[in-house]
Structure formats: C-alpha cells, structure tokens
Amino acid sequence: QVQLVESGGGLVQAGGSLRLSCAASGGTFSSYVMGWFRQAPGKDREFVVAITRSGGRTYYADSVKGRFTISRDNAKNTVYLQMNSLKPEDTAVYYCAAALRGTPETMSAPASVDYWGQGTQVTVSS
C-alpha cells in the first residue's frame, strides 16, 4: 500500500509560480510511474503530466506544456511539479498519482492509477 501526500498548494496571482511536492511512503517508489492530475469544480479529473520510473521521460497535457515541469527524486521518494506562468484556468485541486504498470502515456487515463494522494488546492487569481 502506497501513501501519497501532496504539499505546496496555495493562492497565487496570474503569471506567478508554485511548486508542488508529493512524498510517497509504503512502497518501492522507483517501481511506479508518477503523475499529477487536477480537478476543477464541476469538472472531471484531468491528466496533467506523468514521468517514467527513472525520470528519464515525461508526458504532458497540451494545456500545460511549456509552463509546467515534472521531476522526481527516487532517493527522497518525492515527485515535484513546478508550475510557471500560471493562469486562472489552472485553478483546481491537484492530485498526485502512482501507477505500477504502464507508461506516462497510459497514465493519462485515470483508470490506470493505482494510488491517489488527498489533493492540494491551487488557486490562481486574475
């Protein structure tokens, strides 16, 4: 059983930056494809980005490409999401996700996720 705990959310003005962290415990972190999803009020949970087990390859949703960067530190059992040039439409609860099987591309489907964090709120004001 893997536990995922996100941190780093908050309120930021449009154009600003935030860095989210997700600390994992209870499993072999390097065995999991890791990713981030988000869910805005009244909308479905949507894929944001994922990263391979080694950290060597990533896959981004078009809506965040060029603005967000995912990275991981397997020694610290932590995955990060650096968010720059934030827009009001980025406002959502951001969830950390772990998948034992598949690739960053297959992780874009929420059904492929084995474990979820509790979420952290990101609010971008205009």
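Residues numbered from 1 in each chain as written. Predicted model: local features only at pLDDT ≥ 70, side-chain atom pairs only at ≥ 80, totals over all residues. Heavy atoms only, no water.

The next thing to look at is the overall build of the protein chain. Tallying secondary structure elements over the protein chain gives zero helices and 11 strands in all. Ordered by position in the sequence, the α and β elements of the protein chain form the string β-β-β-β-β-β-β-β-β-β-β. Whereas a compact globule of 126 residues would reach a radius of gyration of roughly 14 Å, the protein chain reaches 13 Å, a difference of no more than 12%. With the C-alpha coordinates of the protein chain rotated into their principal frame, the extents come out at 40 × 25 × 25 Å. The buried share of the protein chain, reckoned over its 126 residues, is 44%. Sequence-distant contacts in the protein chain: of pairs separated by 6 or more residues, those separated by 24 or more amount to 60%. (Helix = DSSP H or I, 4+ residues; strand = E, 2+ residues; numbered from the N terminus. Rg over C-alpha atoms; globule rule 2.2 N^0.38 Å. Buried < 20%, exposed > 50% of the residue type's maximum accessible area, 1.4 Å probe, protein only. Contact = heavy atoms within 4.5 Å.)

A separate point is the nonpolar core. With 39 residues, the main nonpolar core has Met 34, Trp 36 and Tyr 94 as its most contacted residues. Taken together, the elements giving at least two residues each to this core come down to strand S3 (18-25), strand S4 (33-39), strand S5 (46-51), strand S7 (68-73), strand S8 (78-83), strand S9 (92-99) and strand S11 (120-125). Leave out the neighbours within four places in its chain, and Tyr 94 touches Glu 6, Leu 20, Trp 36, Phe 37, Arg 38, Val 48, Phe 68, Leu 81, Met 83, Gly 119, Thr 120 and Val 122. (Core = buried A, V, L, I, M, F, W, Y, C linked by side-chain atoms within 4.5 Å.)

Taken as a whole and judged by the stated rule, the model has six salt bridges. Arg 38 serves as the salt-bridge partner of Glu 46, at 2.6 Å between the closest nitrogen and oxygen. For Glu 105, the salt bridge identified is with Arg 57, shortest N-O distance 2.6 Å. With Glu 105 in the loop between S9 and strand S10 (115-116) and Arg 57 in the loop between S5 and strand S6 (58-60), the pair connects residues that are 48 residues apart, well separated along the chain. Its relative accessible area of 30% is what places Glu 105 among the partly exposed residues. (Salt bridge = Lys/Arg side-chain N within 4 Å of Asp/Glu carboxyl O.)

Attention shifts here to the sheet that holds strand S1 (residues 3-7). Taken in spatial order, the four strands of this open sheet run S1-S3-S8-S7, and their pairing is antiparallel. Sheet topology places S1 and S7 at the edges, where each strand pairs with a single neighbour. Looking at each pair of strands side by side, their axes are set apart by 15 degrees on average, direction ignored. Alignment of S3 against S8, held across six bridges, turns out to be antiparallel. Across the sheet, Leu 20 pairs through a bridge with Leu 81, a residue of S8. (Pairing = 2+ DSSP bridges. Axes fitted to C-alpha atoms, helices over the stretch in contact; angles between N-to-C directions.)

This paragraph deals with the packing of aromatic side chains. Per the stated rule, a full pass over the model turns up five aromatic pairs. Above the plane of the ring of Tyr 95 lies Arg 45, whose end atom (NZ or CZ) is 3.7 Å from the centre. (Phe/Tyr/Trp six-rings, centres within 6.5 Å; stacked < 30°, edge-to-face > 60°. Lys NZ or Arg CZ within 6 Å of the ring centre and 35° of its normal.)

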